[in-house]
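Each chain is listed here by its residues.
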Amino acid sequence: MADKIYSASTTAPVNIAVAKSNSRWLNGEAQDVSGARQTACFRGFKILRRNHEDANPFLPQLSKYCVHAVSEDNFPTAAGLAFTAASFAAFAQPIEDLYELPEQGSRSGCRSLFCGYVAWEMGQAVDGSNSYSAEVAPAPY
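Residues numbered from 1 in each chain as written. Predicted model: local features only at pLDDT ≥ 70, side-chain atom pairs only at ≥ 80, totals over all residues. Heavy atoms only, no water.

1. Quick look at the overall build of the chain
Step number 1: Helix and strand content of the chain: 2 helices and 7 strands.
Step number 2: When the 141 residues of the chain are sorted by exposure, 32% land in the buried category.
Step number 3: Counting only contacts in the chain whose residues sit at least 6 apart along the sequence, the fraction spanning at least 24 positions is 51%.
Step number 4: Accessible area of the chain: about 9000 Å², with a carbon and sulfur share of 55%. (Helix = DSSP H or I, 4+ residues; strand = E, 2+ residues; numbered from the N terminus. Buried < 20%, exposed > 50% of the residue type's maximum accessible area, 1.4 Å probe, protein only. Contact = heavy atoms within 4.5 Å. Areas by Shrake-Rupley, 256 points an atom, 1.4 Å probe, with all protein chains shown as cover.)

This is the structure we're talking about:
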């Protein structure tokens, strides 16, 4: 019997599926995921998912699988348009959806989760855990 493939997607044309090794593709090109930041990101998602699975043993054991993330930009890469924040949002959001996790990410990256004018609210926690973004006006404005 073939293994079941679990996937999730977001409006930032991205899809995530389990794979043989953690990987990330951007605009059709493989990205290096061996750096400390990427490794920590994958590891952090897996730990959070494993905790979720431990709390509910009926969930699929997705934390045991590797992740293959694919995204495409619809604007020039590194053009000074918060590319890193948008790229992280496009990378993180579908993994959070797939793993059924609460949203987490960089403070500036949360602004890329909406299409219009977006404000980032810092929150009061020193670690930023209660910061959030909110759409101020929709994209047509």
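2. Topic: the nonpolar core
General note: in soluble globular proteins, nonpolar side chains tend to be found buried as a group.
Step number 1: Counting residues in hydrophobic clusters, the biggest one holds 15 residues, and the most contacted among them are F45, F91, I95 and Y99.
Step number 2: Mapped onto this core, the elements with two or more residues apiece are α1 (36-55), β5 (66-71) and α2 (83-98).
Step number 3: If one sorts the elements of this core by residue count, α2 sits on top with 5 residues.
Step number 4: Beyond its immediate stretch of four places on either side in the chain, F45 contacts F91, A92, I95, E96, Y99 and L101. (Core = buried A, V, L, I, M, F, W, Y, C linked by side-chain atoms within 4.5 Å.)

3. Regarding the confidence of the model for the chain
Step number 1: Scored by pLDDT, the chain has a mean of 77; 72% of the residues are at 70 or more.
Step number 2: Across the chain, element-level confidence peaks in α1 with a mean pLDDT of 89 and bottoms out in strand β2 (residues 14-19) with 52. (pLDDT = per-residue confidence, 0-100.)

4. Considerations on unusual backbone geometry
Of all residues except glycine, most have a negative phi; of all peptide bonds, most are trans.
Step number 1: A positive phi angle, near 55°, is found at N27, a position not held by glycine.
Step number 2: Take N27: it is sitting in the loop between β3 (23-26) and β4 (29-31).
Step number 3: The exposure class of N27 is partly exposed, given its relative accessible area of 31%.
Step number 4: The phi torsion at E100 lies on the positive side, around 55°, for a residue other than glycine.
Step number 5: By secondary structure assignment, the location of E100 is in the loop between α2 and β6 (117-121).
Step number 6: For E100, a relative accessible area of 47% translates into the label partly exposed.

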